[in-house]
Amino acid sequence: MAKIEDGLLSGKLDGKVYCRHPKTPYVRNMPAKSTKEPTDDQVFRRKGFKLVSALIKPLVDLLKLHFKGTWHNMGLKLNLSTALIQEGAEARIDYSKIRLTKRGAFKIVVLEAVLLKTGELLVDWDFSRQFTRGDEEAVILVYCPSVNEWCYSITDCYIGDCLGGMIVPDEFLGKELHGYMYFLNQRSGAVSETLYLGVFS
């Protein structure tokens, strides 16, 4: 809707936009919807954006601990570039490539990850002591694609313990699950790289 300000039109009217910048009046056409069919790449990017956004949104409280106010942009950037697979116009996620942290300063190696029938996920790891403070806590996550839900725990296990775990909810058991881990210093926000623990069922 257009209105008159100081004797000049301002706003939208009959497909035109009336503006002033800063005091010079000008008129431009309103953008028209494209009549071209979107390409496969364009459809893929749109679908991929929706997939990744839905993937990371439930982790907002966790990601804010190290990404702060940029958690959404950083989560999108990391996974749009690494975790998407294009099949024509279709997009799907490579769960082994999901990244929840930027590349960290200290190196972690997962030796073994086992999901017991009781629902306990146990992880055994080793690490390089260079650049670590010793107070980094293990963050363990499990994602269930069939319901698009995460469960996670900032455990009371520190990097030097080399062993930790979490309890997976009963409603997740028996479904395809993907496990992840990284280490977090809650005081500084420093993190390790994201480690893929494997697929469980």
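What counts, and at which threshold
Residues numbered from 1 in each chain as written. Predicted model: local features only at pLDDT ≥ 70, side-chain atom pairs only at ≥ 80, totals over all residues. Heavy atoms only, no water. Core = buried A, V, L, I, M, F, W, Y, C linked by side-chain atoms within 4.5 Å. Buried < 20%, exposed > 50% of the residue type's maximum accessible area, 1.4 Å probe, protein only. Pairing = 2+ DSSP bridges. Helix = DSSP H or I, 4+ residues; strand = E, 2+ residues; numbered from the N terminus. Axes fitted to C-alpha atoms, helices over the stretch in contact; angles between N-to-C directions. Salt bridge = Lys/Arg side-chain N within 4 Å of Asp/Glu carboxyl O. Arc of directions from axis to C-beta. Contact = heavy atoms within 4.5 Å. Polar contact = N/O pair within 3.5 Å; in protein donor to acceptor, adjacent residues only side chain to side chain.

### Here we look at the nonpolar core
Part 1 of the argument: Formed by 26 residues in total, the largest nonpolar core has its most connected members in Leu-63, Ile-98, Leu-100, Leu-141, Trp-150 and Tyr-182.
Part 2 of the argument: Grouped together as the second largest cluster of nonpolar side chains are 23 residues, Phe-106, Val-123, Cys-151 and Phe-172 included.

### Observations concerning the sheet that holds strand E11 (residues 163–167)
Backbone-to-backbone hydrogen bonds pair the strands of a sheet. The strands run either parallel or antiparallel.
Part 1 of the argument: Taken in spatial order, the three strands of this open sheet run E7-E8-E11, and their pairing is antiparallel. Strands with a single pairing partner mark the edges of an open sheet, and in this sheet they are strand E7 (108–115) and E11. Ignoring which end each strand starts from, the neighbouring axes of this sheet average 20° apart.
Part 2 of the argument: Pairing between E7 and strand E8 (residues 120–127): seven bridges, direction antiparallel. Directly across from Ile-108, in E8, lies its bridge partner Phe-127.

### Quick word on the pattern of salt bridges
Part 1 of the argument: Applying the stated criterion to the full structure yields five salt bridges.
Part 2 of the argument: A salt bridge links Glu-90 to Lys-47; the nearest nitrogen and oxygen atoms lie 2.7 Å apart. One end of the pair, Glu-90, is in strand E6 (residues 90–93); the other, Lys-47, is in helix H1 (residues 40–56), and 43 residues separate them in sequence.
Part 3 of the argument: Lys-107 serves as the salt-bridge partner of Glu-193, at 3.2 Å between the closest nitrogen and oxygen. Of this pair, Glu-193 sits in the loop between strand E12 (177–184) and strand E13 (195–200) while Lys-107 sits in the loop between E6 and E7, and the two are 86 residues apart along the sequence.
Part 4 of the argument: According to the relative accessible area criterion, Glu-193 is buried, its value standing at 14%.

### Here's the deal with helix H2 (residues 60–67)
Part 1 of the argument: Buried residues of H2: Leu-62, Leu-63, His-66 and Phe-67, and no others. Down the axis of H2, the sector holding all buried residues measures 110°, keeping them to one side.
Part 2 of the argument: Packing partners of the buried residues in H2 comprise H1, helix H3 (71–82), strand E9 (137–144), strand E10 (149–158) and E12.

### Considerations on the environment of Arg-99
Part 1 of the argument: Counting through the fold element by element, Arg-99 comes out in the loop between E6 and E7.
Part 2 of the argument: Through-space distance from the C-alpha of Arg-99 to that of Lys-77 is 9.8 Å; in sequence the pair is 22 residues apart.
Part 3 of the argument: Residues contacting Arg-99, with those up to four places away along its chain left out, are Leu-78, Asn-79, Thr-82 and Thr-194.

### Regarding unusual backbone geometry
Part 1 of the argument: Here the phi dihedral of Asn-148 falls at roughly 50°; this positive angle occurs in a residue that is not glycine.
Part 2 of the argument: Residue placement: Asn-148 occurs in the loop between E9 and E10.
Part 3 of the argument: According to the relative accessible area criterion, Asn-148 is partly exposed, its value standing at 30%.
Part 4 of the argument: You will see that Cys-162, though not glycine, has its phi angle at about 60°, which is positive.
Part 5 of the argument: Within the secondary structure, Cys-162 is located in the loop between E10 and E11.
Part 6 of the argument: We classify Cys-162 as buried; its relative accessible area is 18%.

### What to know about the side chain of His-178
Part 1 of the argument: Looking at where His-178 falls in the secondary structure, it is placed in strand E12.
Part 2 of the argument: For His-178, a relative accessible area of 6% gives the class buried.
Part 3 of the argument: A polar side-chain atom of His-178 sits 2.7 Å from a polar atom in the side chain of Tyr-196.
Part 4 of the argument: Leaving out residues up to four positions away in the same chain, His-178 has contacts with Tyr-95, Leu-141, Val-142, Tyr-143, Pro-145, Tyr-196, Gly-198 and Val-199.

### Here's the deal with the sheet that holds E13
Part 1 of the argument: Reading across from one edge, E10-E9-E12-E13 is the order of the four strands in this open sheet, with antiparallel pairing throughout. Each edge of the open sheet carries a strand with a single partner, namely E10 and E13. Direction aside, neighbouring strands of the sheet carry axes that sit 20° apart on average.
Part 2 of the argument: Summarising the sheet, E9 and E10 pair through seven bridges and their orientation is antiparallel. Its bridge partner being in E10, Cys-144 is matched across the sheet by Glu-149.

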